Amino acid sequence: MEIIKKMGCIKPNRLAVKVTDEKRSRKVGLVVTSLTDLKKKSHDIFKVLADSHNLDSLFVALEDGTEVSDDGYLFSLAHNTLLILFQVKAGVLIYPGSLQQTMERYLNALHDLQKFNSEEVVKFIENNMDEKLKLTWQYVTTLSSTKSHFSSISDHPEWFTGCNKLVTTKEEYFRKCAQGRIRSYLRDARNRLSHSKLSLSPIEKLKTCLEEKKYFACYFDRTDRSQDRLCDSKGEFQCQGQYNKPICQNNHWINPYDNAESRILFSTWNLDHVIERIKIITDLCSQIRCNNGCDHLKYFDLLFSRKNLKLVHKNCHVIGPHTECQIA
């Protein structure tokens, strides 16, 4: 009887923990009696779930990403252990702790790549590209976009980390980015003709046309009213799909105006020539050699305009000959 009385006085397991959400917006101390109790109390505070009855879709993890899957493991933890909770979305788990630490190292490496020189960033990412892009995108989607609408460096200074100090607005930054890409296509054509010892007169005509178009600075500027703009008024870009597809079959999208990480990631997107640039320049050289006259507006459209350019996610950029695409 004495034993029964003592057993009746035994209190259920109780554990003091610290809980935060995936954005780590704040930490809350809780005393819980089970994993279910932990999920319920946490959801009541952080409102992670759309449906409070669907607690199975609430994932609880340690900072290193280890899942807390049952009461036994929960009560093996020390008091005041920090636990992170988030919702499982479409079957995809984003491990907050390990992901944040990995991304900090990853982004620090990107920061060292010549102030986000696009070729260096792409080269870095291409080492195990698929995994890095997936990891980067998962991380970026967890970041805040509440300052996306801000434009100036005074309103959103962290967005400009690593940028040229002379750039003071996001729109100015992206206008220069678009112009830089277009200038590189002109430079490539000039170098090829020069190397072949051909007349540079067509290049000068192309340059004049580009100056009139301001080197298509409008492509990435969300405030530009031109129909050539590639994003919406909020700055969101949609992948236009592989060169031989009418749309992106993976629904790739990005808003590089949201945060610095999205801006870095956008540098890996390509302006892809449907008819390849090397094919266009080779044809231009051939026309000059044959003295057939050069329709510079034709080559202008092929090299620089949206008539032959598609903005594509890295995974939709087909490397190799576009054999079915020929110059008419």
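In the block above lies the structure referred to throughout.
Residues numbered from 1 in each chain as written. Predicted model: local features only at pLDDT ≥ 70, side-chain atom pairs only at ≥ 80, totals over all residues. Heavy atoms only, no water.

Caption draft 1: The packing of aromatic side chains, seen in detail. Here the structure, examined in full by the defined rule, presents 13 aromatic pairs. Taking 5.9 Å as the distance between ring centres and 85° as the angle between the ring planes, the aromatic pair formed by Phe174 and Phe266 counts as edge-to-face. Pair noted here: Phe174 is in helix H7 (residues 170-195) and Phe266 is in helix H9 (residues 260-266), with a separation of 92 residues, a long-range link. One exposure class covers both Phe174 and Phe266, and it is buried. Between the aromatic rings of Phe220 and Phe237, the centroid separation amounts to 5.8 Å while the plane-to-plane angle is 85°, which identifies the pairing as edge-to-face. (Phe/Tyr/Trp six-rings, centres within 6.5 Å; stacked < 30°, edge-to-face > 60°. Helix = DSSP H or I, 4+ residues; strand = E, 2+ residues; numbered from the N terminus. Buried < 20%, exposed > 50% of the residue type's maximum accessible area, 1.4 Å probe, protein only.)

Caption draft 2: The arrangement of the state of the cysteines in detail. On inspection of all chains with the given rule, the structure shows zero disulfides. Unpaired in terms of disulfides, Cys285 finds its nearest cysteine sulfur in Cys294, a separation of 9.8 Å. The buried category is assigned to Cys285, whose relative accessible area is 1%. (Disulfide = S-S within 2.5 Å.)

Caption draft 3: Spotlight on helix H2 (residues 35-46). Taking 1.5 Å per residue as the helical rise, H2 with its twelve residues ought to reach 16 Å, and the 16 Å between its terminal C-alpha atoms agrees with that figure. Buried within H2 are the following residues: Leu35, Asp37, Leu38, Lys39, Ser42, His43 and Phe46. One or two steps after H2, the chain reaches Lys47, where phi turns positive at roughly 50°. (Expected span 1.5 Å × (residues − 1).)

Caption draft 4: Region of interest: the environment of Asp70. Locating Asp70 in the fold gives a position in the loop between strand S3 (58-61) and helix H3 (71-74). By relative accessible area, which is 38% here, Asp70 ends up partly exposed. Taking the C-alpha atoms as reference points, Asp70 and Val60, ten residues apart in sequence, are found 10.0 Å from one another. Of the polar contacts made by the side chain of Asp70, one reaches the backbone nitrogen of Tyr73; its length is 2.8 Å. (Polar contact = N/O pair within 3.5 Å; in protein donor to acceptor, adjacent residues only side chain to side chain.)

Caption draft 5: Region of interest: helix H8 (residues 201-212). When the terminal C-alpha atoms of H8 are compared, their 17 Å separation across twelve residues agrees well with the 16 Å that a helix rising 1.5 Å per residue should span. Those residues of H8 that sit buried are Pro202, Ile203, Leu206, Cys209 and Leu210. The arc enclosing the buried residues of H8, seen along the axis, measures out at 120°, which places them on a common side. At its buried positions, H8 is contacted by H7, helix H10 (277-289) and helix H11 (296-304). Positive phi appears at Lys214, one or two residues downstream of H8, with a value of about 55°. (Arc of directions from axis to C-beta. Contact = heavy atoms within 4.5 Å.)

That's the geometry; what it means functionally is another story.
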